[in-house]
Amino acid sequence: MTHAASAAAHHTSLGLDSRKMAFWAFIGSECLLFTSLISTYLVYKGKSVVGPYPHEILNIPFTSVSTFDLLMSSLMMVLALAAVQRGDMRWGKIWLFSTALLGLVFLGGQVIEFTEFVHKGLTLQTNLFGCTFFVLTGTHGAHVSVGVLWLLTLWVRALQGKLTQANAMTVEITGLYWHFVDVVWIVIFTVVYLIQ
Amino acid sequence: MNEHSQNEHSHPTADVYLRVAAVLVILTVLEVGVFYVPVFHPVLVPVLLVLSGAKFTLVVMFYMHLKADSRVFTFLFGAPLLLAAVVMVALLFLLLGALTLRGAAGAG
Amino acid sequence: MKSWLTTTDHKRIGLLYFFTAFAFFLIGGIEALVIRAQLAQPNGHLVTAETYNQLFTMHGTTMVFLALMPLSASFFNYIVPLQIGARDVAFPRLNAFSYWVFLLGGLFLNASWLVGPLFHAGTLNVAPDGGWFGYANLTERQFSPGPNIDFWLLGLQILGISSLAAGFNFIVTILNLRAPGMRMMRVPAFTWMTLVTQFLVITAFPVITVGLAFLMFDRFFGAHFYVHEAGATPILWQHLFWLFGHPEVYILILPAMGIVSDVLPTFARKPLFGYTVVVYSGVLIGFMGWGVWSHHMFSVGLGPIADSVFSATTMLIAVPTGVKIFNWIATLWGGDIRGTTALHFAVGFIAMFIIGGLSGVTHASPPTDLQQTDTYYVVAHIHYVLFGGTIMGLFAGIYYWWPKMTGRLLSETLGKWHFWLQFVGMNLAFFPMHFIGLLGMPRRVYTYSPELGVSDLNLLSTIGAFLIALSIFVFLVNLLRTRTHGQRAGNDPWGGATLEWSIASPPPVYNFSVIPTVANRLPRWKTEHHEPMRDPPATPPAPIHVPGGSWWPMLAAFGLPILALAPLTHTLWLALVGAAVLLAGIYLWAFEPFEV
Ligand code: HEM
Ligand SMILES: [Cu+2]
């Protein structure tokens, strides 16, 4: 097998998977993206000239449940990876689907939250809190949506029998993305919701 | 950084994953608890930052396997993360300073 | 034709980058000539103030994002895989995607020149006009109601995606696709600087993405990120922009530094002096480049602490830069120098970059900067570093690698004409700007009065600009002539030390018939320590698999400008179509059989 595949996929100079490496670089890059958003949130905190203000509107019990939900989805994700790695595609499918489902639940929660805020008079146009809050959590939500789409794709591929133990790396990379999105939420939950 | 052989890292078992999840849940409960218990309010911010930092680290180390994986990945993630942290502190310093000054001027 | 549209070959993509970027370079150049014609005399009336604003905005934006970055990218693509002994980049289709996104983003931005009538305005009326730095809150809908700024911000968002995708691709390529024995400390300087540049890209671009996204929400959805009345501060934009903007200037200069670090040793027939130091100072520049952004904001009044800190870091960053300069000079020192055109440009780079670096240090000090900022003095600075630096460096690369890329040598006679015309032209054009600025002429203002006493200097500068144009014309003649009359290059016309010279020019699709094994930093040279390596055989001993092309990266790329058209024209269905095209492209791409 003297073809490029051997150079690209098998004997890489660091002995590491190229896609995984690209993904870590991507996650590094995303750190800067979310930092810019979070910094802006913090800089504009308390600078709104009209209400509603965060403490009047943020629903901690509700969001705690969402947070718990996302944490559990991360657990499902690693379980999915472990299952696929040992070739147990039956559980692999179950865990993949549960991860996506919990992701959907999180998104549903976000929809409910946003709608409620709009009813209480907080929109993107209302004040700086509205701007920074919706853009920060909305960007995170967009990342979750991409993740759900991705997970469902993998799940369908698994149902079709096209995702097998041989694709464990694909699942691992999906997991990296998913956990990163979770980690970002850990920060947002603390910085936006708990430290008011 | 030269030719490493295939970097065989063992992934943690489901058991480890479950235990990490348990810790994560406990930490989250603590976070919310701290938020609601008035005695903690003077130290709310540092306590919350430590707790969420711990959660962050656990997920990255165990669920994203950074603990056992190649150092190259640690660098690709850690260097930008560090940079991001420094940038955030600098921005807060620069912009909060500017905004406070303006607020004072506006009030005066 | 089809094979070019679907290509995933890094060499072809490199050529596509080159020709596209060069076309944009010519457009940006024409914009500059009109600007200079307008300023040739006091009270000029060639263009109106409104047109002038669009001209300097599009000139700066085009040169930075559509000419210099992608010209560097053309060498990343063509040369980096060859220098590390790889058959392609790590993700060939992602690479094609980067190119198509760049092309479409560039066309999107430039379409703004022509499409005025679609927005009930004249042609030449809706091009971006807020400067390449687009300062808030001038860019808010309230102050810029037309679509001008929309073109700018959407265009830049598109281009950012191209750069980010290429960034991940090249980081992985350089770290993970090196030939056996090619340790990091054996990697050629150009490839090293490419690596540092890509790290800057993937960290700096997200910041401008966020800054632009805020602007997008302000302009399209009535948010208040930069609106003073809502309690916000437009200074936030300046921070986000320059947090990106300063790393960006290193994104522009580091590749040129890398080129020069490869060209000088070849034509001095001496190894690069202090290779390790050159590499580490490049890395250090990359890091320090993150800590100086507020030197663009001294006039904001950041307060004594911030001013002092950023002044100090800015002066410090000149140190690793200076170190490199000494290393280049030491490389030439005592060398067996061949005065090729490439060497002329490389040496020109050093000289001009020193001048630009010096004026940079003069505005590292806030009190002096307050006199210089927003005057033509800064314009002089940026053109000494970007024209004298980056462009000279890129031309050194073009004369050096063109034979590798096309198999034919550019004419040295025409090359020397090109060099001297450009060298004289640029100094004539940009040196007087130091005085013009210090005498008080502000930048970005469409005319000036004779009383200011800068009329003669301005005329001189305009003459210089047209000399530069002449030199570029000579270069184009040279390119065309070379197609048919250029001398055949053979594998290695220069006696280069690095791997790209060990194979045919242009290289076969698979690059290396056998992946070389590298034993030292100068594999193709004989030194006291080692003999030159044997070049790979001309015909591969075993068949080599070459991946076929793919349509899907291009399809996915088309989704982005369609998406961008949605807010521009306030049409929801375009957003849906754009998203659908993007998704379709990605899915088809992900599931098509494609073995690299
Ligand atoms: C010794 C190194 C350098 C120093 C100390 C330096 C310093 C500065 C400072 C302080 C400014 C702000 C001036 C003002 O607006 O008042 C500036 C502007 C600028 N510099 Fe440099 N610089 C250096 C090298 C470079 C390089 C290598 C490049 C690009 C290749 C570059 C590109 C620019 C550009 C484009 C601007 C103008 C931005 C704008 O306002 O539009 N500089 N430089
Ligand atoms: Cu700067």
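Residues numbered from 1 in each chain as written. Chains lettered and ligands numbered in written order. Predicted model: local features only at pLDDT ≥ 70, side-chain atom pairs only at ≥ 80, totals over all residues. Heavy atoms only, no water.

K.L.:
I would appreciate a short explanation of the coordination of the copper ion (ligand 2) in the present structure.
P.N.:
Tetrahedral coordination by four donors puts the ideal angle at the metal at 109.5 degrees, and octahedral coordination by six puts it at 90 or 180 degrees. Residue and element names in this part refer to chain C. Summarising the metal site, the copper ion (ligand 2) is bound by the protein donors His246 (ND1), His295 (NE2) and His296 (NE2), whose distances to it range over 1.8 to 2.1 Å. Here the donor residues of the copper ion (ligand 2) share one chain and are spaced in sequence as H-x48-H-H. In this structure the iron atom of ligand 1 is found 4.5 Å away from the copper ion (ligand 2). Of this pair, His246 sits in helix 7 (residues 235–268) while His296 is found in the loop between helix 8 (275–288) and helix 9 (304–332), placing the two residues 50 residues apart along the sequence. Residue classification places His246 among the buried positions, given a relative accessible area of 5%. (Donors = N, O, S within 2.8 Å, 3.2 Å for Na, K, Ca; no water. Helix = DSSP H or I, 4+ residues; strand = E, 2+ residues; numbered from the N terminus. Buried < 20%, exposed > 50% of the residue type's maximum accessible area, 1.4 Å probe, protein only.)

K.L.:
Help me understand the packing of helix 4 (residues 60–85) of chain A against helix 5 (residues 89–119) of chain A, please; the structure alone is not making it clear to me.
P.N.:
Helix-helix packing is characterised by the crossing angle of the two axes and by the distance between the axes. Residues and elements named next belong to chain A. Where helix 4 meets helix 5, the axes come as close as 8 Å, and the angle between the chain directions of the two elements is 160 degrees. With respect to helix 5, the axis of helix 4 lies roughly antiparallel. The way helix 4 lies across helix 5 gives a crossing that is left-handed. In terms of residue class, the contact of helix 4 with helix 5 is built from 17 nonpolar, 7 polar and 2 charged. (Axes fitted to C-alpha atoms, helices over the stretch in contact; angles between N-to-C directions. Parallel < 35°, antiparallel > 145°, perpendicular 65-115°, else oblique. Left-handed = near helix turned anticlockwise from the far one by under 90°. Nonpolar A, V, L, I, M, F, W, Y, C, P; charged D, E, K, R; others polar.)

K.L.:
Whenever I open this one, the interface of chain B and chain A confuses me. Can you help?
P.N.:
At the interface, 48 residues of chain B touch 48 residues of chain A. Summing both sides of the interface, chain B and chain A together bury roughly 4100 Å²; the carbon and sulfur share of this comes to 82%. Here chain B and chain A share 1 salt bridge between them. In this structure, the connection of chain B to chain A is made through 3 residue pairs in polar contact (both at pLDDT 80 or more). Those elements that place two or more of their residues in the side of chain B that touches chain A are helix 1 (14–36), helix 2 (44–63) and helix 3 (71–107) of chain B. Looking at which element gives the most residues to the side of chain B that touches chain A, the answer is helix 3 of chain B, with 14 residues. In terms of residue class, the side of chain B that touches chain A is built from 34 nonpolar, 10 polar and 4 charged. (Contact = heavy atoms within 4.5 Å. Buried area = accessible area lost by both parts, 1.4 Å probe. Salt bridge = Lys/Arg side-chain N within 4 Å of Asp/Glu carboxyl O. Polar contact = N/O pair within 3.5 Å; in protein donor to acceptor, adjacent residues only side chain to side chain.)

K.L.:
Sorry if this is basic, but what is going on with the confidence of the model for chain C here?
P.N.:
When pLDDT is averaged along chain C, the result is 95, and 100% of the positions lie at 70 or above. Both scores are given for the predicted complex: the pTM is 0.95, the ipTM 0.95. (pLDDT = per-residue confidence, 0-100.)

K.L.:
In this structure, what is going on with the side chain of Thr63 of chain A? I would like to understand it.
P.N.:
Residue and element names in this part refer to chain A. The residue Thr63 is located in helix 4 in this model. According to the relative accessible area criterion, Thr63 is buried, its value standing at 3%. When near neighbours in sequence (up to four residues on either side) are disregarded, Thr63 contacts Glu113, Trp185, Phe189 and Tyr193.

K.L.:
What should I look at first to understand the site of ligand 1 in this one?
P.N.:
Residue and element names in this part refer to chain C. Around ligand 1, 22 residues are found, and the nearest of them are Trp132, Asp369, Thr373, His381 and Arg443. Contact between ligand 1 and Asp369: an oxygen atom at 2.5 Å from a side-chain N or O atom of the residue. Here His381 contributes a side-chain N or O atom positioned 2.9 Å from a nitrogen atom of ligand 1. Among the secondary structure elements, those contributing two or more residues to the shell around ligand 1 are helix 7, helix 9, helix 10 (341–362) and helix 12 (376–406). Top contributing element to the shell around ligand 1 by residue count: helix 12, with 5 residues. (Near = heavy atom within 4 Å.)

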